[in-house]
Amino acid sequence: MTGDLAYEVVVPHRCLLGEGPVWDAQMNTVCWVDIPNGEIHEFSLTDNGFRTMAIKDKIGAIALCTDGRFLAALKSGFAFIDRQNGKIKLIDHPEAHLPGNRFNDGKCDAVGRFWAGTMALSEETGAGSLYMIENDLSATVKIKGVSISNGLAWSPDNKIMYYIDTPTFEVVAYDYDIQTGNIANKRVAIQIPEKEGFPDGMTIDMDGMLWIAHWGGSQVARWDPDTGAKLLTVQLPVAHVTSCTFGGTHLNDLYITSARVGLSEKQLIEQPLAGSLFVVRNCGFRGMETAAFHYKNNI
């Protein structure tokens, strides 16, 4: 069904390719990235303050760290970023030998491992991989042959990991071992009809339902991974909806990123809000708390 959930534009800024929203409960702030422009944006609900940090590198995803920094998946590899001064400390680049690739979406699991995937700048089929970064900063390839690595989510009981490789139009599920980070028993949880748009970023609510942003579909939709059924649609005034996350005091506000990239001049005129960060307040559902990356060594 189509929901009557009303959206608001959070700030007047428009990203070229807004992505990867992260809710920081401690700072009462929503953070998101502009991938090609190499920017991290933060909006504080406490004082309505908006700030932009220029990274000067393509940035696919960020995660909160327990010490207050960001862990970022950059074109040049994994790095810590100081949120106060923007100082970058590179950690590792598992695809340094693949200059035609960049990192895309990423997220932490419940015990603070960071998962992030890659894709070819040319969008070549099967050129990317999905990596897991352990708490000691060691990186492991978990899935190979990925085309456009995208949304990640874990079930409320941490027994299932959901994953999107966008061109497949599928959300796949794996059995997840939270103790080891091992994945097994791949199966298709949701088959997205092409008319809905490409599945992009996603999040999960407390009921275990997936909220998926649809690139080219002008929507975020709530899907049941057990039945594959579409439950709810949030229509948006932009074609390229990229990702979403829950935030706010009660985790019942849905933040949604979008993009201007790939739109024609005519489409840009028709979609003046393309690239905006949207929010659906009091959406009627509650999300999971944001997991932060923590590491064993003080680096």
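Remember, it's a predicted structure, so these values are computed and weren't measured experimentally.

Enquirer: An account of the environment of Ile 204 is requested, with residue identities and associated values reported.
Expert: Structurally, the position occupied by Ile 204 is in strand E18 (residues 198–204). Here Ile 204 falls in the buried class, since its relative accessible area comes to 5%. Separated by 83 residues in sequence, Ile 204 and Gly 287 place their C-alpha atoms 6.3 Å apart. When neighbours within four sequence positions are excluded, Ile 204 is seen to be in contact with Ala 153, Trp 154, Ser 155, Pro 156, Tyr 162, Met 209, Leu 210, Phe 246, Gly 287 and Met 288.

Enquirer: I'd like a rundown of the sheet that holds strand E23 (residues 253–258), residues and numbers included.
Expert: Spatial ordering of the open sheet is given by E1-E24-E23-E22, a layout of four strands whose pairing is antiparallel. Pairing within the sheet leaves two strands with one partner each, and these edge strands are strand E1 (8–9) and strand E22 (241–247). Across three bridges, E23 lies against strand E24 (residues 278–280) in antiparallel orientation. Residue Ile 256 lies in a different strand from E24, and its bridge partner there is Phe 278.

Enquirer: Before we move on, can you summarise the side chain of Thr 242 with the specific residues and values?
Expert: Among the structural elements, Thr 242 can be located in strand E22. For Thr 242, a relative accessible area of 0% puts it in the buried group. Polar contacts involving the side chain of Thr 242 include one to the main-chain carbonyl oxygen of Gly 18, which spans 2.6 Å.

Calculation criteria
Residues numbered from 1 in each chain as written. Predicted model: local features only at pLDDT ≥ 70, side-chain atom pairs only at ≥ 80, totals over all residues. Heavy atoms only, no water. Helix = DSSP H or I, 4+ residues; strand = E, 2+ residues; numbered from the N terminus. Buried < 20%, exposed > 50% of the residue type's maximum accessible area, 1.4 Å probe, protein only. Contact = heavy atoms within 4.5 Å. Pairing = 2+ DSSP bridges. Polar contact = N/O pair within 3.5 Å; in protein donor to acceptor, adjacent residues only side chain to side chain.

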